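Residue-level listing of the chains:
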Amino acid sequence: MGEKRIPWWPILKMVLGVAIVALVAWQFTRDLQRLPPRTEPIRYGWLALSAVLYLAGLGLSGVFWLRLLGHMNAAPPWWQGMRAYFVSQMGKYAPGKALALVMRVAMVHGPATPRATAALAAFYEVLTTMAVGVLLALPLIAWVHPVEAQGLDWSALLRLDPSAEHDPTRGEVALLTLALLGVTALPLTPWLFNRMARGVTRPFGMATPPAVTYRYLGEGVLLLAPCWVLFGLALACGCAALPEISLPWTIENLARLMLIMAVAYVGGFVVPAPGGLGGREYLLLLLLLPLLEGERPTASLVVLLLRLAWTLGEVILAGCLYLVPVPQPQPTGGAT
């Protein structure tokens, strides 16, 4: 009998995820200890509005997922589909992030929606959402990023305690965005995704999954671009929750916040930690610092408040939707 192989990759991802969360938590704890005593209260109404805008952005991804299911000849009721989408968001906070996919497939499965089709559409939706974010970020870097590309200092960019004298340059942010684009957009091309699809659908018993086309990708770009506008507005509302932050409500600042959200959110998606925890917060802090003139404690506070507000919003919405029963289809046919 051969020796049983140890699944080293899942273990390595878990260890790496825990290490990232621990290191970022240590950094944020140190930053928050430097905060002066508050003289003005936090504006929780802005945080609530931020959570609503964040959930609205997520909802557009849910709509795109249901549109994909329709293209693949699956037809779950829209209410059931959106309920499955938001409730399954809780699964992304489990180690490995795969539980979200399993939950979504289980909740939407029915006579008109095969499990394999639901899984395939969910996988394509997630990648498209992330790819659209970094696609929008690339032109925004040249337009609104404040620090010119005067060279690359990856040691400062990747340290958990970057030097206060070194803000990320355009070149550094552009290279990071291009790397994220490669991870998320390359698999979306139909010639590659249709080959990968068999691996996604094989556990669900589908030998020949439906093929995706460039039309699906084009529809995703049009539908999901407003998602990132909403995410940028959500970040702006989070900053407005702290009276000490005074960012003018201008198109340029909104574009900068969209850029920050895209890089941080997609970067958190790539990081092997539940819900992007740690990776998203670190990138948000790093990219917000130039906008907030280097006020690390204030930036750390707003980043943590946003994580709490958005997560709480997800939990409340998922709980409400989960408690609402899904209407069962009525049998057809006349009485005998």
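Bear in mind the structure is a predicted one, so any value in this text is a computation, not a measurement.

Cut-offs and rules
Residues numbered from 1 in each chain as written. Predicted model: local features only at pLDDT ≥ 70, side-chain atom pairs only at ≥ 80, totals over all residues. Heavy atoms only, no water. Helix = DSSP H or I, 4+ residues; strand = E, 2+ residues; numbered from the N terminus. Buried < 20%, exposed > 50% of the residue type's maximum accessible area, 1.4 Å probe, protein only. Contact = heavy atoms within 4.5 Å. Areas by Shrake-Rupley, 256 points an atom, 1.4 Å probe, with all protein chains shown as cover. Axes fitted to C-alpha atoms, helices over the stretch in contact; angles between N-to-C directions. Parallel < 35°, antiparallel > 145°, perpendicular 65-115°, else oblique. Nonpolar A, V, L, I, M, F, W, Y, C, P; charged D, E, K, R; others polar. Core = buried A, V, L, I, M, F, W, Y, C linked by side-chain atoms within 4.5 Å. Patch = residues over 30% accessible without salt bridge, like charges linked within 9 Å, V, L, I, M, F, W, Y side chains within 5 Å. Salt bridge = Lys/Arg side-chain N within 4 Å of Asp/Glu carboxyl O.

**Remarks on the overall build of the protein chain**
Per the secondary structure count, the protein chain includes 12 helices and 0 strands. Each helix (α) and strand (β) of the protein chain, taken in turn from the N terminus, gives the series α-α-α-α-α-α-α-α-α-α-α-α. Within the protein chain, buried positions represent 49% of all 336 residues. Pairs at least 24 apart in sequence give 76% of the contacts found in the protein chain among residues at least 6 apart. About 16,600 Å² of surface is accessible on the protein chain, with carbon and sulfur atoms providing 69% of the total.

**Description of unusual backbone geometry**
One non-glycine residue with positive phi stands out, namely Asn-73, at about 65°. By the element assignment, Asn-73 lies in the loop between α2 (44-71) and α3 (78-88).

**A few points about the packing of α2 against helix α9 (residues 214-240)**
Relative orientation of the contacting elements α2 and α9 amounts to 170°, with a least axis distance of 7 Å. Taken together, the axes of α2 and α9 lie roughly antiparallel to each other. Taken together, the residues that form the contact of α2 with α9 break down as 23 nonpolar, 6 polar and 3 charged.

**Some words on the nonpolar core**
Counting 92 residues, the largest nonpolar core has Trp-65, Tyr-124 and Leu-288 as the members making the most contacts within it. Here the element with the most residues in this core is helix α5 (residues 115-144); it accounts for 15 residues. Not counting residues up to four positions away in its chain, the partners in contact with Tyr-124 are Phe-64, Leu-68, Leu-188, Phe-193, Val-212, Thr-213, Tyr-216 and Leu-217.

**What about a nonpolar patch on the surface?**
A grouping of Trp-46, Leu-49, Val-52 and Trp-249 is seen on the molecular surface, where their side chains present a nonpolar patch of about 410 Å² in accessible area. Note that Trp-46 resides in helix α2. For Trp-46, a relative accessible area of 31% translates into the label partly exposed.

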